[in-house]
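Listed below, chain by chain, are the residues.
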Amino acid sequence: MEADSDVALDILITNVVCVFRTRCHLNLRKIALEGANVIYKRDVGKVLMKLRKPRITATIWSSGKVICTGATSEEEAKFGARRLARSLQKLGFQVIFTDFKVVNVLAVCNMPFEIRLPEFTKNNRPHASYEPELHPAVCYRIKTLRATLQIFSTGSITVTGPNVKAVASAVEQIYPFVFESRK
Amino acid sequence: MPGGRVCAACGCSEIEVDAARGDAVCTGCGSVLEDNIIVSEVQFVENSAGKTPTLGGGFHANLGKESRAQTLQNGKRQIHHLGNQLQLNQHCLDTAFNFFKMAVSKHLTRGRKMTHVIAACLYLVCRTEGTPHMLLDLSDLLQVNVYVLGKTFLLLARELCINAPAIDPCLYIPRFAHMLEFGDKNHEVSMTALRLLQRMKRDWMHTGRRPSGLCGAALLVAARMHDFRRTVKEVIRVVKVCESTLRKRLTEFEDTPTSQLTIDEFMKIDLEEECDPPSFTAGQKKLKIQQLEKALSKKLEDFEGEITSYQDEIEIELENSRPKAKGVFANFTKDDCIEDNTSSLLGEEEAEDEELEAAANHLNKDFYNELHEKDSVKKGEGGECKNGNEAFVRPPALESLLGPLPTAASLGITESIKECISTKDREPGENTGDGELDLSGIDDNEIDRYILNETEAQIKAELWMKENADYLKEQKEKEARIAKEKELGIYKEHKPKKSAKKREPIQASTAGEAIEKMLEQKKISSKINYNVLRDLNSKGSSTPKKEDDSTDDSTNTKKLSRRKSIANRNIANPVNSVGKRLRPLISTQLAKKAATEEVTFQNAQAEAPDIEKPAAVVVESGPVAYNPDEEVEEEEIEDDDDHCMSALQLMGGNGKLGCCLNY
């Protein structure tokens, strides 16, 4: 943690994925016809609706389940989801906004130093896995947080986790290990 | 022997088949009718490892065994098949088979193609042994996407808790060097390439890169150093990377200071300094460019500031030089124009303070300048009264000027302040979680824009129809087909398979009848020792046994009787579960088992009455114990003791041994 306070690491959240349910059956065809920003994928049975204001792409199923991706923060995700529900309401469906849950958060972080990946993998055996033939980054999984980090040799780290807090704590956790194997 | 075959060329029917060469030749004209004849004989060939495995044999191995044993045997065969193609030695293959057994016991083969799992096991062995085999080789052999294999491999390594040591590109060098055919100098070129690789490692070129790419680059340079002309294409074919990758590695190496050394120098000297990884330097370059851009933009802003100030001054001058109205009316016009300005300010939705101030300044300047100019102009004309008028008018004009401005500002600000306060109030209210849709902060107008009107909807519908015409066609055809089939009455609904078959409940008056009927329905299991059942049955009740004896062949009778005796004991339980539920419930009884048949037989016999007394629980200790001859018993041995199972299998299935070990 001390090391963390020395360097102000910017953790940029690039994507937040959330789900919610409308508790009512949605007629995809109607949405497709009357929505201005809608792609209807009939073969898989879903409708893609894109909002501009919080830049969000939502996948809507006829069962009423909706997945929202593309938001840059949790609040924005919720806001976008509500807007989406509102627009569905306007189209005439009896929409109830329930079960909102943030499912996945993707963030990017940059370390000011490079990292020796083979050394890092050796020191963190069970959690880290490195296959240079397949992917140039080390894949480090933290089971307790259910977070996965991809650590590149340039020092940039991509973190995915169930919420923003988990992501932040994952970065904090990994910092000392990464610091050990720095160049 | 092709009986009755006639030569196509000469019509002669005397055709000689040579099994050794695999040819079928006409003795009349000598034309070859067939070559590479496939035969199903068993042949022996000598292996490079000195062993003589059989070719064409081993087809009979999988009959009549339990699923687990079959899986393992199948796996073993596939491992050997793949392993031989990769030229792995026997030790590696055995290790791979062990990995496979572990995987099967952990149910990792479920939901995955057997070939993938086997390839993953083999690759794991390659990694742990350090053989120069790449995942790419395996995927080449299997024609499978390398990433799919990689995924399986990673999963396997994780589940089996096996740490595969990281790949060293140095491992691949001898292999690739051999393929590039350097002849006598093979060793020297390899050594040079190794040195190059080590240098690359120190220069941070190897992290995150495919080892084969680095090898390729190193070998290329090494070859050139020793006067071998190997083109990029040749190297690529051997190393299996893309041309651009190779070139990129070469350029990266060029950037390092080592590239400046001559050949001799390189062999002798080792530079101390280490370089940054190439992607890092690229990133640094980007950062620098960004910083430069920022600095530039800042400078631009400064310049712009200057320019605007110049612009203002010019405008002021221009206005001053314009002809102005005289007298009292002048003030009115000025007031109007000032008020226009203020009103325009009011009209702006987001009037920033700075803008207001700047505008106010400008207006003040203009006003004052104009006033001064006017004074100077009008001084010339004279008319103190006018001056006095103007003088009197000036303060109120000022006030009027200053008056609206602050109020405009204040008005604008209060509105925004109100909004801010109101949004803050709304925010805590959002987290109601009732399920009601909270409409705060949602601009309905904007959302309305998202909804198309009728004409737009029509147009969109047409477009969509055109785009998805193919899919719609398919759907229609499918429906038409289904309708036809329905008419014809042969409509098959392809529902997902149900795992359990539902049978009619058997209605019988006695237990014996019930058993008979059940047996008729159900297929006979190979897992039960019917002999034993029959004998047991004789002790229990006589009727079922008599019925048994009258039925079919020896094996069948045995099985039937066995079944019936089992059923006899546990009428309540469905006999379907016979095979699988055997072991867990038998432990106590089996513990008493002795090695010999008779003893166990007797034991079971003794136990039989005991068993009947408690609950009608599955009791198949009898069959398991009695006939060790039956290969059948091996199947009972399941997940727990893999080691034992494999030993069993290898030894060809000695039931006794297996049973003892297991229990």
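All values derive from a computational prediction rather than experimental measurement. (Residues numbered from 1 in each chain as written. Chains lettered and ligands numbered in written order. Predicted model: local features only at pLDDT ≥ 70, side-chain atom pairs only at ≥ 80, totals over all residues. Heavy atoms only, no water.)

## Considerations on the overall build of chain A
Next, step 1: The helix and strand tally for chain A stands at 5 helices and 10 strands.
Next, step 2: Within chain A, the proportion of its 183 residues that are buried is 48%.
Next, step 3: Within chain A, counting contacts between residues at least 6 apart in sequence, those at least 24 apart form 60% of the total. (Helix = DSSP H or I, 4+ residues; strand = E, 2+ residues; numbered from the N terminus. Buried < 20%, exposed > 50% of the residue type's maximum accessible area, 1.4 Å probe, protein only. Contact = heavy atoms within 4.5 Å.)

## A look at the overall build of chain B
Next, step 1: Secondary structure summary: chain B contains 29 helices and 5 strands in total.
Next, step 2: Here chain B, with 663 residues, has 35% of them falling under the buried criterion.
Next, step 3: Sequence-distant contacts, at least 24 apart, represent 63% of the contacts inside chain B between residues at least 6 apart.
Next, step 4: In the structure as shown, chain B presents an accessible area of about 40,900 Å², 53% of it carried by carbon and sulfur atoms. (Areas by Shrake-Rupley, 256 points an atom, 1.4 Å probe, with all protein chains shown as cover.)

## Looking at the packing of helix α6 (residues 172–180) of chain B against helix α7 (residues 186–202) of chain B
Residue and element names in this part refer to chain B.
Next, step 1: Taken N-terminus to C-terminus, the directions of α6 and α7 make an angle of 135°; their axes are 10 Å apart at the nearest point. Between α6 and α7, the angle falls in the class oblique. In the crossing of α6 with α7, the sense of the turn from one axis to the other is right-handed. Within the contact between the two elements, α6 uses Ile173, Ala177 and His178 and α7 uses Asn186, Ser190, Ala193, Leu194 and Leu197.
Next, step 2: A class-by-class count of the residues in the contact of α6 with α7 yields 5 nonpolar, 3 polar and no charged. (Axes fitted to C-alpha atoms, helices over the stretch in contact; angles between N-to-C directions. Parallel < 35°, antiparallel > 145°, perpendicular 65-115°, else oblique. Left-handed = near helix turned anticlockwise from the far one by under 90°. Nonpolar A, V, L, I, M, F, W, Y, C, P; charged D, E, K, R; others polar.)

## Some words on the sheet that holds strand β2 (residues 23–26) of chain B
Residues and elements named next belong to chain B.
Next, step 1: Judged by pairing direction, the sheet is antiparallel, and its 3 strands sit side by side in the order β1-β2-β3 without closing on themselves. Two strands bound the open sheet, and with one partner strand each, they are β1 (15–18) and β3 (32–35). Recorded for the sheet is a direction-independent mean angle of 15° between the axes of neighbouring strands.
Next, step 2: Alignment of β2 against β3, held across 3 bridges, turns out to be antiparallel. Paired with aspartate 23 across the strands is aspartate 35, a residue of β3. (Pairing = 2+ DSSP bridges.)

## Section: the nonpolar core
Next, step 1: In this structure, B:Phe100, B:Leu124 and B:Leu219 are the most contacted members of the largest nonpolar core, which totals 72 residues.
Next, step 2: A per-element tally of this core places helix α3 (residues 114–129) of chain B first, with 11 residues.
Next, step 3: Each of two domains, domain 2 (67–167) and domain 3 (175–274) of chain B, supplies a minimum of three residues to this core.
Next, step 4: In this structure, B:Phe100 is in contact with B:Thr71, B:Leu72, B:Gly75, B:Ile79, B:Thr109, B:Met114, B:Val117, B:Ile118 and B:Cys121, ignoring residues within four places of it in sequence.
Next, step 5: Core analysis: the second largest hydrophobic core is formed by 57 residues, A:Leu26, A:Val38, A:Ala81 and B:Leu472 among them. (Core = buried A, V, L, I, M, F, W, Y, C linked by side-chain atoms within 4.5 Å. Domains from an automatic or database assignment.)

## Points about the UniProt feature "coiled-coil region" (unreviewed entry) in chain B
Next, step 1: Taking the numbering used here, the UniProt-annotated feature "coiled-coil region" (unreviewed entry) corresponds to residues 293–320 of chain B.
Next, step 2: For the annotated span residues 293–320 of chain B, helix accounts for 100% and strand for 0% of the residues, and the straight-line distance between the end C-alpha atoms is 40 Å. (UniProt positions renumbered as here; feature names shortened; annotations may be inferred.)

## Thoughts on the pairing of β2(B)
Residue and element names in this part refer to chain B.
Next, step 1: With 4 bridges joining them, β1 and β2 adopt antiparallel strand pairing. Bridged to aspartate 18 within β2 is aspartate 23.
Next, step 2: Where β1 folds back on β2, the antiparallel hairpin that results is connected by 4 residues, among which glycine 22 adopts a positive phi of roughly 75°.
Next, step 3: Adjacent in sequence and paired antiparallel, β2 and β3 are bridged by 5 residues, among which glycine 30 carries a positive phi angle near 85°.

## So, a nonpolar patch on the surface
Next, step 1: A surface patch of nonpolar side chains, amounting to about 320 Å² of accessible area, comprises B:Tyr310, B:Ile314 and B:Leu318.
Next, step 2: Structurally, the position occupied by B:Tyr310 is in helix α12 (residues 278–321). (Patch = residues over 30% accessible without salt bridge, like charges linked within 9 Å, V, L, I, M, F, W, Y side chains within 5 Å. Salt bridge = Lys/Arg side-chain N within 4 Å of Asp/Glu carboxyl O.)

## A short note on the sheet that holds strand β8 (residues 138–142) of chain A
All names here are of chain A.
Next, step 1: On the basis of which strands lie adjacent, the open sheet formed by 10 strands has the order β2-β3-β4-β5-β1-β6-β10-β9-β8-β7 and antiparallel pairing. Each edge of the open sheet carries a strand with a single partner, namely β2 (38–41) and β7 (128–130). Adjacent strand axes in the sheet meet at a mean angle of 15° when their direction is disregarded.
Next, step 2: One ladder, built from 6 bridges, connects strand β3 (residues 46–51) with strand β4 (residues 56–61); its direction is antiparallel. When the sheet's bridge partners are listed, lysine 46 is paired in β4 with tryptophan 61.
Next, step 3: Of the strands in this sheet, β1 (11–21), β3, β4, β5 (65–71) and β6 (98–110) are in contact with helix α3 (residues 74–90), which crosses β1 at around 35°.

## Notes on empty space enclosed by the protein
Next, step 1: The tally for this structure, following the rule as stated, stands at 6 cavities of 30 Å³ or more.
Next, step 2: Of the volumes computed, that of the largest cavity is approximately 100 Å³.
Next, step 3: If you go around the largest cavity, the residues you meet are A:Arg29, A:Ala32, A:Leu33, A:Tyr40, B:Lys460, B:Ala461, B:Trp464 and B:Met465.
Next, step 4: Secondary-structure elements contributing two or more residues to the lining of the largest cavity are α2 (28–34) of chain A together with α18 (454–467) of chain B.
Next, step 5: Considered class by class, the residues forming the lining of the largest cavity number 6 nonpolar, no polar and 2 charged. (1 Å grid on protein atoms, 1.4 Å probe; cavity = no way out; pocket = protein on both sides within 12 Å on 5 of 7 lines; lining within 4 Å. Points joined across faces, edges and corners; volume = space filled by probe spheres on them.)

## Describing the packing of aromatic side chains
Next, step 1: A complete count under the given rule lists 11 aromatic pairs over all chains for this structure.
Next, step 2: With a centroid separation of 5.7 Å and an interplanar angle of 20°, the aromatic rings of A:Tyr175 and A:Phe179 are classed as stacked. Linking A:Tyr175 with A:Phe179, this pair stays in helix α5 (residues 164–180), spanning 4 residues, or about one helical turn.
Next, step 3: Ring pairing ties together the aromatic residues A:Phe20, A:Phe97 and A:Phe100, which thus form one cluster.
Next, step 4: Over the ring of A:Phe93 we find A:Lys30; its NZ or CZ atom is 5.2 Å from the centre of that ring.
Next, step 5: We note B:Lys76 situated over the ring of B:Phe97; from NZ or CZ to the ring centre the distance is 5.4 Å. (Phe/Tyr/Trp six-rings, centres within 6.5 Å; stacked < 30°, edge-to-face > 60°. Lys NZ or Arg CZ within 6 Å of the ring centre and 35° of its normal.)

## Notes on helix α8 (residues 211–225) of chain B
Residues and elements named next belong to chain B.
Next, step 1: Helix length check: α8 (15 residues) gives 21 Å between terminal C-alpha atoms against 21 Å at 1.5 Å per residue, within 8%.
Next, step 2: α8 sits mainly inside the fold: 13 of its 15 residues count as buried.
Next, step 3: Positive backbone phi, approximately 65°, marks aspartate 227, located one or two places after α8. (Expected span 1.5 Å × (residues − 1).)

## Overview of the pattern of salt bridges
Next, step 1: Within the structure shown, the criterion is met by 11 salt bridges over all chains.
Next, step 2: One salt bridge connects A:Arg116 with A:Glu119, and the closest N-O pair in it is separated by 3.6 Å.
Next, step 3: The salt bridge partner of B:Arg249 is B:Glu252, with a shortest N-O separation of 3.7 Å. Taken together, the residues B:Arg249 and B:Glu252, both in helix α10 (residues 243–255) and 3 residues apart, mark about one turn of the helix.
Next, step 4: For B:Arg249, a relative accessible area of 9% puts it in the buried group.
Next, step 5: According to the relative accessible area criterion, B:Glu252 is buried, its value standing at 9%.
Next, step 6: Through salt bridges with shared partners, a single ionic network connects B:Asp137, B:Asp140, B:Arg175 and B:Lys240.

## Section: the layout of surface pockets
A water-sized probe, rolled over the atoms, reveals where empty space remains.
Next, step 1: Estimated volume of the second largest pocket: approximately 980 Å³.
Next, step 2: At the level of secondary structure, the elements contributing two or more residues to the lining of the second largest pocket comprise α4 (117–123), β7, β8 and β9 (147–151) of chain A together with α5 (146–159) of chain B.
Next, step 3: Of the residues in the lining of the second largest pocket, the class split is 17 nonpolar, 8 polar and 9 charged.

## Thoughts on a negative patch on the surface
Next, step 1: Together, B:Glu301, B:Asp302, B:Glu304 and B:Glu306 line one region of the surface with negative charge.
Next, step 2: Within the secondary structure layout, B:Asp302 lies in helix α12. (Lys, Arg positive; Asp, Glu negative; His and termini not counted. Charge placed at Lys NZ, Arg CZ, Asp CG, Glu CD.)

## Remarks on the packing of helix α2 (residues 90–105) of chain B against α3(B)
Residues and elements named next belong to chain B.
Next, step 1: Look at α2 against α3: their axes get within 9 Å of each other, and the N-to-C directions meet at 130°. Here α2 is positioned oblique relative to α3, judged by the angle of their axes. Between α2 and α3 lies a crossing whose hand is right-handed. Residues His91, Cys92, Leu93, Thr95, Ala96, Phe99, Phe100 and Ala103 of α2 pack against Met114, Val117, Ile118, Cys121, Leu122, Leu124, Val125 and Glu129 of α3.

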